[in-house]
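What follows is each chain in one-letter form.
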Amino acid sequence: MIAGRAVFPHRHLLGIQGLQPHEILFLLDEAEARLDAPADQPPLQPLRGLTQINAFYENSTRTLLSFEIAGKRLGADVVNMGVAQSSVKKGETLIDTAQTLNAMRADILVIRHASSGAVQLIADKVDCPVLNAGDGRHEHPTQALLDALTIRRRLGGIAGKRVVICGDLLHSRVARSNILALTALAAEVRVCAPSTLMPPAVERMFVTPYTDFDAALDGAHAVMMLRLQTERMDGAFVPSPREYRLRYGLTPERLALAPHALVMHPGPMNRGVEIDSAVADGPNSAITEQVAMGVAVRAACLDVLTRRTRRVEGWA
Amino acid sequence: MSVTAGSAPAVAFANARLVCPVQGEATGTLIVRDGAVAGFMADVPADAAVIDCGGKWLAPGIVDLGVFAVDRPAFRAGGIVRVGLMPDQSPALDDPGLVQRASLIGRPDLWIHPIAAATRGLDGIELAEMALCASAGARAVGTGGRWIADSGVMARVLSYARDLDLAVVAHAEDGGLAAGAVATAGETATRLGLSAAPAAAEALAVARDLMLAEETGARLHLRQVTTAAGFALVRAARARGVAVTCGITPAHLLLDDRAVSDFRTFARLSPPLRGEADRLAALTAVADGTVDVLCSGHQPQGPEAKRLPFADAEAGMAGAETLLALALTLVRDGLVDLPQLFAMLSRAPARVLNLSAGTLEPGMPADLLLFDAYAPWRIEAGTMKAAAGNTPFDGLPVQGRPLRLWKGGREV
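Below is a short write-up of the structure. Since the model is a prediction, treat every value here as computed from it, not as a measurement. (Residues numbered from 1 in each chain as written. Chains lettered and ligands numbered in written order. Predicted model: local features only at pLDDT ≥ 70, side-chain atom pairs only at ≥ 80, totals over all residues. Heavy atoms only, no water.)

1. Quick notes on helix H10 (residues 276–287) of chain B
Residues and elements named next belong to chain B.
Argument step 1. Compared with the 16 Å implied by 1.5 Å per residue over 12 residues, the 17 Å span of H10 between its first and last C-alpha is a close match.
Argument step 2. Of all the positions in H10, only Asp-278, Arg-279, Ala-281, Ala-282, Leu-283, Ala-285 and Val-286 are classed as buried.
Argument step 3. On the buried face of H10, the contacting elements are helix H8 (228–239), strand S14 (244–248), helix H9 (250–254), helix H12 (323–332) and helix H13 (338–352).
Argument step 4. Gly-289 lies just past H10 and shows a positive phi near 85°. (Helix = DSSP H or I, 4+ residues; strand = E, 2+ residues; numbered from the N terminus. Expected span 1.5 Å × (residues − 1). Buried < 20%, exposed > 50% of the residue type's maximum accessible area, 1.4 Å probe, protein only. Contact = heavy atoms within 4.5 Å.)

Here it is as structure tokens:
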């Protein structure tokens with residue numbers, strides 16, 4: 001049986017791209033073990049004494065919070081560096097900032113950046129493991145892992161399940177990582193968006209594109225709604241929020257087309273635009289569960305990526 | 001051909017494999033007198049100083065049309081004796097003083113032929129002083145790396161330049177479609193999450209500029225055409241008699257958009273690398289003669305411009321010293337022969353710039369390149385002579401290397 005480093009040989013977690021299906025499942029199992037741990041047990045703090053820096057070059061509330069809570073539950077010393085208080089504002093380049101962070105001897109870096117590929121660029125320049133918390137419209141791997149875990153726990157499995165991802169796919173890193181993770185785990189993935197928000201050649205990622213949401217929902221086991229940024233609602237990519245709701249809003253009537261489908265949203269939601277409150281708060285919704293999975297998945301990733309540093313048996 | 005005795009002593013380039021875009025290939029001796037080519041000979045005249053070419057290839061020095069920087073060591077290493085300098089300098093070459101300075105700073109080793117900005121500041125709004133710039137040494141006018149969005153302005157640029165017999169060197173990318181894009185729309189850009197424009201952005205721009213060139217009778221040079229649709233438009237226009245020429249760089253012939261995988265900023269070019277089908281169409285266009293000019297697009301960019309997230313990095317590659325070696329792959333692949341290659345590297349760019357140069361015909365300036373077509377070497381970004389080593393071909397083993405270079409009969 002393979003164990004230790006052999007089962008997850010990666011130094012960083014920069015994306016779902018490059019992960020084998022068994023490696024994705026390993027991370028899901030690690031996360032799930034935390035969820036199922038008895039609540040009365042004293043928390044293990046494997047990251048005690050390690051420094052985790054959350055460097056967020058782009059505003060974030062829930063992801064930053066989720067990483068911070070995950071790190072603190074593991075006992076790490078968590079430091080947050082937001083863009084507002086960083087010297088990025090003073091014109092320091094990304095590489096210089098990376099070298100500065102490296103010189104401070106962080107044990108793990110969690111990075112979010114507005115440019116695709118920026119996190120990989122930093123990872124190439126530092127000595128510690130790097131965890132991608134979202135880079136531009138490229139990848140957001142922990143979101144895909146927590147979504148996969150949510151589906152697995154609620155539906156009992158991922159393989160063969162029909163998952164519809166609907167919304168602004170063009171600008172969405174969540175969509176890219178989810179497509180990679182779900183197709184790797186043998187789900188049937190449909191993507192749905194107006195053509196103005198559909199990435200070119202997306203079918204080359206082994207998904208079926210739809211512009212008609214009703215057709216896409218047929219037989220769906222899960223529906224993942226994506227956030228439509230307000231600046232893209234008013235004429236640039238879609239004519240108006242109300243027209244978007246007409247075609248792509250997940251209303252109770254529309255959900256009736258897939259009455260048993262799990263409803264998911266990475267947040268923050270535009271209630272009344274891409275999703276109605278009745279659906280977001282309804283019995284099919286797994287949205288708050290996703291947030292809970294987020295902490296477990298991030299804790300698992302922080303734990304796994306630091307095992308080499310911590311000289312865990314089989315990983316050193 | 002006989003060589004009559006002149007005032008200055010002759011120089012005989014003996015034992016050479018001569019490559020001339022017009023006269024073809026020959027083995028023998030090239031006679032140079034007074035800095036100009038006098039002719040081919042089978043034997044060495046008695047009074048001549050002899051340069052033994054050692055059986056290597058002697059061709060006209062390369063005329064590199066459309067470089068972004070004056071980078072003498074790179075041009076020297078690349079066998080380039082003349083360059084058409086892009087107006088995208090800081091400040092833009094829209095003023096006779098700037099043009100004159102640019103046209104003189106390379107001499108005598110490197111002749112810089114500025115392409116003056118067609119519009120003030122390259123902003124695409126007001127016409128620049130083309131005639132004054134021409135009298136200061138500009139050999140063409142251009143839109144730079146940018147697109148003139150207003151078709152009315154472009155029409156006036158073309159008709160005004162026609163009056164002055166200046167070619168208009170245009171960058172063919174529709175500004176609306178290409179706005180913010182850093183890659184060609186397709187699987188690679190989608191997987192990497194890069195902002196992308198459809199390849200049709202080029203054909204749209206080519207179509208408009210060709211219509212306007214036809215309407216005005218101007219000479220149009222499309223600096224880079226890189227898509228099947230673009231080449232089809234150029235072929236059709238040429239068949240109608242439009243005075244159009246077009247060029248390409250080795251990168252667009254030898255790489256497709258998968259080269260930007262892993263966010264390799266050295267492969268971020270303008271226009272961006274295309275899909276494989278367009279790359280193959282470009283090779284066909286070279287073979288059938290649609291492509292007139294092969295250029296390096298030399299644009300050295302240091303780490304401060306390239307060691308950035310892909311979308312934030314500057315476009316461009318250091319292409320001058322790899323131009324010959326990469327171009328020779330076209331000969332080895334049987335797409336063109338050596339005289340045809342040097343038509344693309346020397347003669348055609350010289351003609352766009354209205355220069356009497358670029359061949360080994362008698363009377364031409366003795367701009368000569370001695371090269372070894374088979375010498376093997378490896379392209380290494382870290383050891384390049386250029387101001388920066390931003391080549392998308394880092395690590396590639398190639399064949400073909402310039403050995404010696406003469407400008408006007410004087411060794412550089």
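Next, the rest of the story.
2. Examining the interface of chain B and chain A
Argument step 1. Across the contact, 16 residues belong to chain B and 22 residues belong to chain A.
Argument step 2. Taken over both partners, the interface formed by chain B and chain A buries close to 1,600 Å², and the fraction arising from carbon and sulfur atoms is 57%.
Argument step 3. Scanning the region where chain B abuts chain A turns up 1 salt bridge.
Argument step 4. With its nearest N and O atoms 3.0 Å apart, the salt bridge here joins A:Arg204 to B:Glu187.
Argument step 5. The residue inventory of the side of chain B that touches chain A, partitioned by class, reads 7 nonpolar, 4 polar and 5 charged. (Buried area = accessible area lost by both parts, 1.4 Å probe. Salt bridge = Lys/Arg side-chain N within 4 Å of Asp/Glu carboxyl O. Nonpolar A, V, L, I, M, F, W, Y, C, P; charged D, E, K, R; others polar.)

3. Notes on the sheet that holds strand S1 (residues 51–56) of chain A
Residue and element names in this part refer to chain A.
Argument step 1. Spatial strand order, S2-S1-S3-S4: 4 strands in an open sheet with parallel pairing. In this open sheet, the two strands that pair with only one neighbour each are strand S2 (77–82) and strand S4 (130–135). Ignoring which end each strand starts from, the neighbouring axes of this sheet average 10° apart.
Argument step 2. Bridging between S1 and strand S3 (residues 108–113) involves 5 bridges; their strand directions are parallel. The residue of S3 that forms the bridge with Ile-53 is Leu-109.
Argument step 3. Its contacts with the sheet put helix H11 (residues 287–305) on S1, S3 and S4, and the angle it makes with S4 is roughly 145°. (Pairing = 2+ DSSP bridges. Axes fitted to C-alpha atoms, helices over the stretch in contact; angles between N-to-C directions.)

4. Points about the pattern of salt bridges
Here the idea is simple: oppositely charged side chains can pair when their charged atoms come close.
All names here are of chain B.
Argument step 1. One pass over the full model with this rule turns up 36 salt bridges over all chains.
Argument step 2. Here Asp-123 makes a salt bridge to Arg-146, at a shortest N to O gap of 3.1 Å. Separated by 23 residues along the polypeptide, Asp-123 in the loop between strand S8 (111–117) and helix H3 (130–135) and Arg-146 in the loop between strand S9 (140–142) and helix H4 (151–163) bring together distant segments of the chain.
Argument step 3. Relative accessible area serves as the criterion here: at 39%, Arg-146 is assigned to the partly exposed category.
Argument step 4. Measuring nitrogen to oxygen at the nearest pair gives 2.8 Å for the salt bridge that ties Asp-367 to Lys-407.

5. Overview of the packing of aromatic side chains
Argument step 1. A complete count under the given rule lists 7 aromatic pairs over all chains for this structure.
Argument step 2. When the centroid spacing of 4.8 Å and the interplanar angle of 85° are considered together, the rings of B:Phe13 and B:Trp406 count as edge-to-face. Within this pair, whereas B:Phe13 is found in strand S1 (residues 11–20), its partner B:Trp406 is found in strand S17 (residues 397–407), the two being separated by 393 residues in sequence. Of the two residues examined, B:Phe13 and B:Trp406, each falls in the buried class.
Argument step 3. Taken together through their ring pairs, the aromatic side chains of B:Trp57, B:Phe342, B:Phe371 and B:Tyr374 make up a single cluster.
Argument step 4. One residue, A:Arg307, lies across the ring of A:Trp315, its end atom 4.9 Å from the ring centre.
Argument step 5. Above the plane of the ring of B:Trp111 lies B:Arg107, whose end atom (NZ or CZ) is 4.0 Å from the centre. (Phe/Tyr/Trp six-rings, centres within 6.5 Å; stacked < 30°, edge-to-face > 60°. Lys NZ or Arg CZ within 6 Å of the ring centre and 35° of its normal.)

6. Observations concerning the pairing of strand S8 (residues 222–225) of chain A
Residues and elements named next belong to chain A.
Argument step 1. Burial along S8 is two-sided: Ala-222 and Met-224 facing one way and Val-223 and Met-225 facing the other are all buried.
Argument step 2. Here strand S5 (residues 162–166) runs beside S8; their pairing, made up of 4 bridges, is parallel. Within S8, the residue paired with Ile-165 across the bridge is Met-224.
Argument step 3. Judged from the 3 bridges that link them, S8 and strand S9 (residues 262–264) form a sheet pairing that is parallel. Considered in S9, the bridge of Met-224 is made with Met-264.

7. Thoughts on the nonpolar core
Argument step 1. In terms of nonpolar packing, the biggest core is built from 91 residues, with A:Phe213 and A:Leu250 touching the most fellow members.
Argument step 2. With 11 residues, the single largest contributor to this core is H11(A).
Argument step 3. In contact with A:Phe213, other than residues within four places in its own chain, are A:Val164, A:Cys166, A:Cys192, A:Val223, A:Met225, A:Arg247, A:Tyr248, A:Gly249, A:Leu250 and A:Arg254.
Argument step 4. The next biggest cluster of nonpolar side chains, apart from the first, holds 76 residues, and it includes B:Trp147, B:Leu166, B:Ala218 and B:Val291. (Core = buried A, V, L, I, M, F, W, Y, C linked by side-chain atoms within 4.5 Å.)

8. Points about the environment of B:Ala236
All names here are of chain B.
Argument step 1. Position of Ala-236 relative to the elements: it lies in helix H8.
Argument step 2. Residue Ala-236 is classed as partly exposed on the basis of its relative accessible area of 36%.
Argument step 3. Sequence spacing of Ala-236 and Leu-210 is 26 residues, and the spatial spacing of their C-alpha atoms is 9.9 Å.

9. A short note on the packing of helix H5 (residues 141–155) of chain A against H11(A)
If you want to describe how two helices pack, look at the angle between their axes and the distance between the axes.
Residue and element names in this part refer to chain A.
Argument step 1. Viewed as axis vectors pointing N to C, H5 and H11 meet at an angle of 120°, and their least axial separation amounts to 8 Å. Judged by the inter-axis angle, H5 sits oblique to H11. By crossing handedness, the relation of H5 to H11 is classed as right-handed. Contact with H5, carried on its side by Thr-142, Gln-143, Leu-145, Leu-146, Asp-147, Leu-149, Thr-150, Arg-153 and Arg-154, involves Glu-289, Gln-290, Met-293, Gly-294, Val-297, Arg-298 and Cys-301 of H11 and no other residues of that element.
Argument step 2. Split into classes, the residues belonging to the contact of H5 with H11 amount to 6 nonpolar, 5 polar and 5 charged. (Parallel < 35°, antiparallel > 145°, perpendicular 65-115°, else oblique. Left-handed = near helix turned anticlockwise from the far one by under 90°.)

10. Focus: the sheet that holds S14(B)
Residues and elements named next belong to chain B.
Argument step 1. Pairing is parallel across the open sheet formed by 8 strands, whose spatial order is S6-S7-S8-S9-S10-S13-S14-S15. Looking along the sheet, the strands with just one partner apiece sit at the ends: strand S6 (62–67) and strand S15 (293–294).
Argument step 2. Inspection of the sheet shows S8 paired to S9 by 3 bridges, in the parallel sense. Among the inter-strand pairings, Ala-117 is bridged to a residue of S9, identified as Gly-142.
Argument step 3. In the packing of helix H7 (residues 200–216) onto the sheet, contacts are made with strand S10 (167–170), strand S13 (220–222) and S14, and the angle to S13 comes to roughly 165°.
Argument step 4. Running over the sheet, H13 touches S6, S10, S13, S14 and S15 and is turned about 60° from S6.

11. Overview of the packing of H4(B) against H7(B)
All names here are of chain B.
Argument step 1. In the contact formed by H4 and H7, the axes pass within 9 Å of each other and the chain directions differ by 45°. Taken as axis vectors, H4 and H7 run oblique relative to one another. Crossing of H4 over H7 shows right-handed handedness. For the pair H4 and H7, the contacting residues are Ser-151, Met-154, Ala-155, Leu-158, Ser-159 and Arg-162 in the first and Arg-208, Asp-209, Leu-212, Ala-213 and Thr-216 in the second.
Argument step 2. Residue composition of the contact of H4 with H7, grouped by class: 5 nonpolar, 3 polar and 3 charged.

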